[in-house]
Amino acid sequence: MVRDIQAIRDDFPILDREIDGTPLVYLDNAATTQTPESVYEVFETYYREYNSNIHRGIHTLSHEASVAYEEAHDRLAEFVGASGGREELVFTKNTTESINLVAYGLGLQNLGPDDTIVTTEMEHHASLVTWQQIAELTGATIQFIRVNEDGHLDMEHATELIGPETAVLSVTHVSNVLGTVNPVTELAELAHEHDAYVVVDGAQSVPTRPVDVEEMDADFFAFSGHKMAGPTGIGCLYGKRHLLDEMDPFLYGGEMITHVTLDRSVWNDPPWKFEAGTPPIAEGIALAAAADYLDDIGMDRVREHEDRLAQYLLERLEDRDDATIYGPPSGEQRAGLVSFNVDGVHGHDMSSLLNDRGIAVRAGDHCTQPLHETLDIPGSVRASFYVYNTTDDIDALLDAIDDAEEKRDAYLRSERYHDAIY
Ligand SMILES: Cc1ncc(COP(=O)(O)O)c(CN[C@@H]2CONC2=O)c1O
């Protein structure tokens, strides 16, 4: 069933909000997406009808909560093509925690001075800082695949860096700044020729396109609930079952054990081995509802919709002689986000001027300071779309950019500017 855009927008009451009397235009989805009624109603039902701690209570509420929470793991595993179900799908707090879990649970235990971690210049700090820290703690070397002018990874450089000493390849599937969709399957193949672990940051891909972790042959794959129409406070780490068996827990305590004596403890099986203490129960169950919501639209349609909006904005920004766009040009496939700058208007001023018009974008370094250094800019303005955005939203953005440019030109003509300069 193909759902029309208005029907989808009606699922998100927040889109009826006004910002100082102006209708909200929400274009900050790469940071956090909005949540449909069908997802946040899950919270209300859970707390109204079966709130209880899981796995230990011998009573109906606990059983119902346990079943729903466990089945949510199966649902998210299915959403990313993990045939092992819940045994390969750990709930964490977010992508950041998922990547840290692999880095500390496997990297810290197995890496040493002879090993290399290969990652890229376009990584989010959630990954880049984490592997930098592991390199420091283990003496391993960390190397970064270069990013080309057009926002793609330099694959020649990748083949130079990935070799016998590579122990880990950690790469973002989609850049949260450039919109670039990286060839993770090709990179995984290269890394596996040298028995390296392949860790994929899927924060920007799982929400926006069909993902099949087994097809790409990722060993680990991390993503967040709040970026896929789900709640904050819940994320996922997919891991191949035999690797999760090998991996050390990251947090210790109840739930993650099967037997404890004063001398030693025996770990539980995955995923519970990595879910110490009382987990985000309602969040996990609500995330399964988010997966249902997105599958109801269809992830191919989500990708097409996002690409259409990105192309619409790219073509119009490319027509401007004072706009600089980062990432692949129009005509090339990219995720539904466009980062840009307008000459003479600082990103934060642009973001503030847009907010005056009810338009929410993000400005700054988007937690990718090394990438912005490579781009030789202090920051950028990023518009990012989701299933409920339309070309009307983009037209409103473009009008507001015109307005910002007029304000800039008026200032440049003003006495205040000339007094300041001369
Ligand atoms: C590619 C990528 N990896 C990891 C993360 C970290 O996700 P969590 O915060 O859920 O752990 C983000 C978040 N994206 C940031 C958050 O705000 N704006 C962004 O672009 C991201 O875009």
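Worth saying up front: this structure is predicted, and the values here are computed from it rather than measured.

The rules behind each value
Numbers given to residues run from 1 along each chain, matching the order in which its sequence is written. Restriction of local features to residues with pLDDT of at least 70 applies here, the model being predicted, together with a cutoff of 80 or more for giving and counting side-chain atom pairs; totals for whole chains, interfaces and linings are based on all residues. Excluded from the side-chain calculations are hydrogens and water; all other atoms, namely the structure's heavy atoms, are used. Comment: elements are numbered from the N terminus, with helices defined as DSSP H or I runs of at least four residues and strands as E runs of at least two. The contact criterion used is simple: two residues touch if any of their non-hydrogen atoms lie within 4.5 Å. Strand pairing is assigned whenever DSSP identifies at least 2 bridges connecting the two strands. Only buried Ala, Val, Leu, Ile, Met, Phe, Trp, Tyr and Cys residues count toward a nonpolar core, and they belong to the same one when joined by side-chain atoms within 4.5 Å. Only protein chains enter the calculation, and the probe is 1.4 Å; a residue is then buried if its accessible area is under 20% of its type maximum, exposed if over 50%, and partly exposed in between. All axes here are fitted lines through C-alpha atoms, helices being fitted over the stretch that makes contact, and every angle between N-to-C directions spans 0 to 180 degrees. Small angles under 35 degrees read as roughly parallel and large ones over 145 as roughly antiparallel, with 65 to 115 read as roughly perpendicular and the rest as oblique. Definition of nearness: a residue and a molecule or strand are near each other if at least one heavy atom of the residue lies within 4 Å of the molecule or strand. Any pair of N or O atoms that falls within 3.5 Å is considered a polar contact. Within protein, one atom must be able to donate a hydrogen and the other to accept it, and sequence-neighbouring residues count only if both atoms are side-chain atoms. The method behind every accessible area is Shrake-Rupley, applied with a 1.4 Å probe, and residues are considered shielded solely by the protein chains displayed. A cavity here means a set of 1 Å grid points, computed over protein atoms only, where a 1.4 Å probe fits but cannot escape. A pocket is an open set with protein on both sides within 12 Å along at least 5 of 7 lines, and lining residues have an atom within 4 Å of a point. If over half the atoms of a molecule are within 2 Å of the grid points of a cavity or pocket, the molecule is regarded as sitting in it. Each residue gets one of three labels, nonpolar for Ala, Val, Leu, Ile, Met, Phe, Trp, Tyr, Cys and Pro, charged for Asp, Glu, Lys and Arg, and polar for the others, Gly among them.

> Go over the environment of phenylalanine 223 with me, naming the residues and quoting the values.
Tracing the sequence through the fold places phenylalanine 223 in strand β9 (residues 220-224). Taking C-alpha positions, phenylalanine 223 is 8.4 Å from threonine 96, a pair spaced 127 residues apart along the chain. In this structure phenylalanine 223 touches Leu76, Val80, Asn94, Thr95, Ser98, Gly202, Ala203, Val206, Met228, Gly235 and Cys236, once residues within four positions along its chain are discounted.

> Please set out the pairing of strand β6 (residues 141-145) residue by residue, giving values where relevant.
Note that strand β5 (residues 116-120) and β6 share 5 bridges and pair parallel. When the sheet's bridge partners are listed, valine 118 is paired in β6 with glutamine 143.

> Pulling in residues and values, what's your account of the nonpolar core?
Judged by nonpolar contacts, the single largest core of 77 residues is most densely connected at Leu76, Leu187, Phe221 and Met228. If one sorts the elements of this core by residue count, helix α10 (residues 281-297) sits on top with 12 residues. Within the second largest apolar cluster, 26 residues are counted, among which are Leu317, Val342, Val381 and Ile401.

> Give me the lowdown on the packing of helix α2 (residues 37-50) against helix α3 (residues 60-79), citing residues and values where you can.
It is the contact of α2 with α3, at a shortest axis distance of 10 Å, that shows an interaxial angle of 155°. Judged on the interaxial angle alone, α3 and α2 are roughly antiparallel. Residues Tyr46, Glu49 and Tyr50 of α2 form the contact with α3, whose own contacting residues are Leu61, Glu64, Ala65 and Ala68.

> Account for the site of the ligand, naming residues and giving values.
Neighbouring the ligand are 17 residues, the closest being Thr96, Asp201, Ser224, His226 and Arg382. Here a nitrogen atom of the ligand and a side-chain polar atom of aspartate 201 are 2.6 Å apart. One of the side-chain N or O atoms of lysine 227 is found 2.7 Å from a nitrogen atom in the ligand. Coverage of the ligand by the protein chains reaches 89% of its 490 Å² of free accessible surface. In this structure, the ligand is accommodated by the largest pocket. Taken together, the residues that form the shell around the ligand break down as 4 nonpolar, 9 polar and 4 charged.

> Quick one: what's the story with the sheet that holds strand β17 (residues 380-384), residue by residue and with numbers?
On the basis of which strands lie adjacent, the open sheet formed by 4 strands has the order β13-β14-β17-β16 and antiparallel pairing. The two strands at the open ends of the sheet, each matched to only one other strand, are β13 (323-326) and β16 (362-364). For this sheet, the mean inter-axis angle between neighbouring strands, taken without regard to orientation, is 30°. Where β13 meets strand β14 (residues 337-342), 4 bridges bridge the pair, whose relative direction is antiparallel. If you follow threonine 324 over to β14, its bridge partner there is asparagine 341. Its contacts with the sheet place helix α12 (residues 347-356) against β14, β16 and β17, and it is angled at close to 160° to β16.

Read these as geometric descriptors, not functional statements.
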